[in-house]
Amino acid sequence: MNRISDGMDLEEVPMGITRQAIDLASYKFPDHRLRRVMADETKAPLVIVACGSFSPVTYLHLRIFEMALDNIRERTDFEVMGGYYSPVSDHYKKAGLAPASHRVRMCELASERTSSWLMVDAWESLQDSYTRTAVVLDHFHHEINEVRDGVRTKSGEHRKVKVMLLAGGDLIETMAEPNVWADADLHHILGKHGALVVERTGADVWKFLLSHDILYEHRKNIIVIKQLIYNDISSTKVRLFLRRGMSVQYLLPNSVIKYIEENGLYQDTEPVKLVIADKGA
């Protein structure tokens, strides 16, 4: 494994920012980077949420938020008020899944120093059972719009914030797989909230939307984001590199690499077919 010098900038969580709790009893919704006042009241306020394993979080997981931000600024009437990672709980039962507390911590290390608008919410990871994505998005809607009464314009008007799911094209393709997503959840996610879909190399998201009845029905609430510079870093391949003792420098933030080293993560084997069939887990 490539060792990171103790003297390097480890992108630690800055002073004054509280790390996410490790139990629900002490959990608090993170809002330290949630902008509360809009800059342009002609637009609609938006919060972006990425749900996933993040095992481990990579530079691509950081980059897709920036791609989404550029696309929203250029092509929509939304104003982004904040962005969140929501790591799944340990009850997801997926190969290569590090304990939730580690994955939340790595997401914090990856985002808090490298971004001015991204946050990590541990609520989903702290649940005692697997939590459906529709429920997770409703949690963000509740915390932002009901508990905090949304955001304000400069003139003092309160506005509700739209919450959208940020996902890769591979996740959208799973929506057509039998017994993976309930139709009611798809209607709820895409109808009430909407999705930002980042295309992966060789994928044709629009062709897929055309062929899927529910996705096509909600196509106006789905924003497809093309990668202008393709980036195919995947957590699955990163875990493989780590098990083989290969360098993962420049695939992950230094702080995440050091955290993995110090905690001895990702040394267990995974089924070969999952690595070969990797779609960016």
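Structure: see above.
Conventions used here
- Throughout, a residue's number is its position along its own chain's written sequence, starting from 1.
- This being a predicted model, a pLDDT of at least 70 is required before a residue's local features are given, and a value of 80 or more before pairs of side-chain atoms are given or counted; all residues contribute to the totals for chains, interfaces and linings.
- Computation of side-chain values covers all heavy atoms of the structure but excludes hydrogens and water.
- For helices the rule is a DSSP run of H or I covering at least 4 residues; for strands it is a run of E covering at least 2, with both sets numbered from the N terminus onward.
- With a 1.4 Å probe rolled over the protein chains alone, any residue whose accessible area is under 20% of its type maximum counts as buried; one over 50% counts as exposed, and the rest are partly exposed.
- For this analysis, residues touch if any pair of their heavy atoms sits within 4.5 Å.
- With residues, only the protein chains shown are counted as cover, and all accessible areas are computed by Shrake-Rupley using a 1.4 Å probe.
- Any Lys or Arg side-chain nitrogen found within 4 Å of a carboxyl oxygen on Asp or Glu counts as a salt bridge.
- A pair of strands is labelled paired if DSSP reports no fewer than 2 bridges between them.
- Note on handedness: a clockwise path from strand one over the helix to strand two, with the strands aimed away from the viewer, defines a right-handed crossover.

J.: Would you take a moment to explain the overall build of the chain for this structure?
T.: Looking only at helices and strands, one finds ten helices and eight strands in the chain. In the chain, which comprises 281 residues, the proportion classed as buried is 55%. Restricting to contacts in the chain with at least 6 residues of sequence separation, those with at least 24 account for 80%. Looking at the chain as shown, the accessible area adds up to about 13600 Å², and 51% of this sits on carbon and sulfur atoms.

J.: Is there a simple way to explain the pattern of salt bridges in this structure?
T.: Oppositely charged side chains can pair when the atoms bearing their charge come close. Using the criterion set out here, one finds twelve salt bridges in the structure. Between R103 and D90 there is a salt bridge, with its nearest N and O atoms 3.3 Å apart. Here D90 lies in the loop between β2 (78-87) and α2 (100-112) and R103 lies in helix α2, a separation of 13 residues in the sequence. Using a relative accessible area of 39% as the deciding quantity, one classes D90 as partly exposed. We note a salt bridge from K258 to E262, for which the minimum N-O separation is 3.1 Å. Here the residue K258 and the residue E262 both occupy positions in helix α9 (residues 254-263), the gap between them amounting to four residues, near one helical turn. For K258, a relative accessible area of 12% translates into the label buried. On the basis of relative accessibility, which here comes to 53%, the residue E262 falls in the exposed class. Because the salt bridges share partners, they merge into one network encompassing D31, E143 and R148.

J.: Looking at this model, I keep getting lost on the pairing of strand β1 (residues 44-52). Mind explaining?
T.: Where a strand is regular, its side chains alternate between the two sheet faces. β1 sits mainly inside the fold: eight of its nine residues count as buried. Of the strand pairs in this sheet, β1 and β2 are connected by nine bridges, and their pairing is parallel. By the bridge assignment, G52 is partnered in β2 with P87. Crossover connection from β1 via helix α1 (residues 59-75) to parallel β2: handedness right-handed. Of the strand pairs in this sheet, β1 and strand β6 (residues 162-168) are connected by four bridges, and their pairing is parallel. For V49, the partnering residue across the bridge sits in β6 and is L165.

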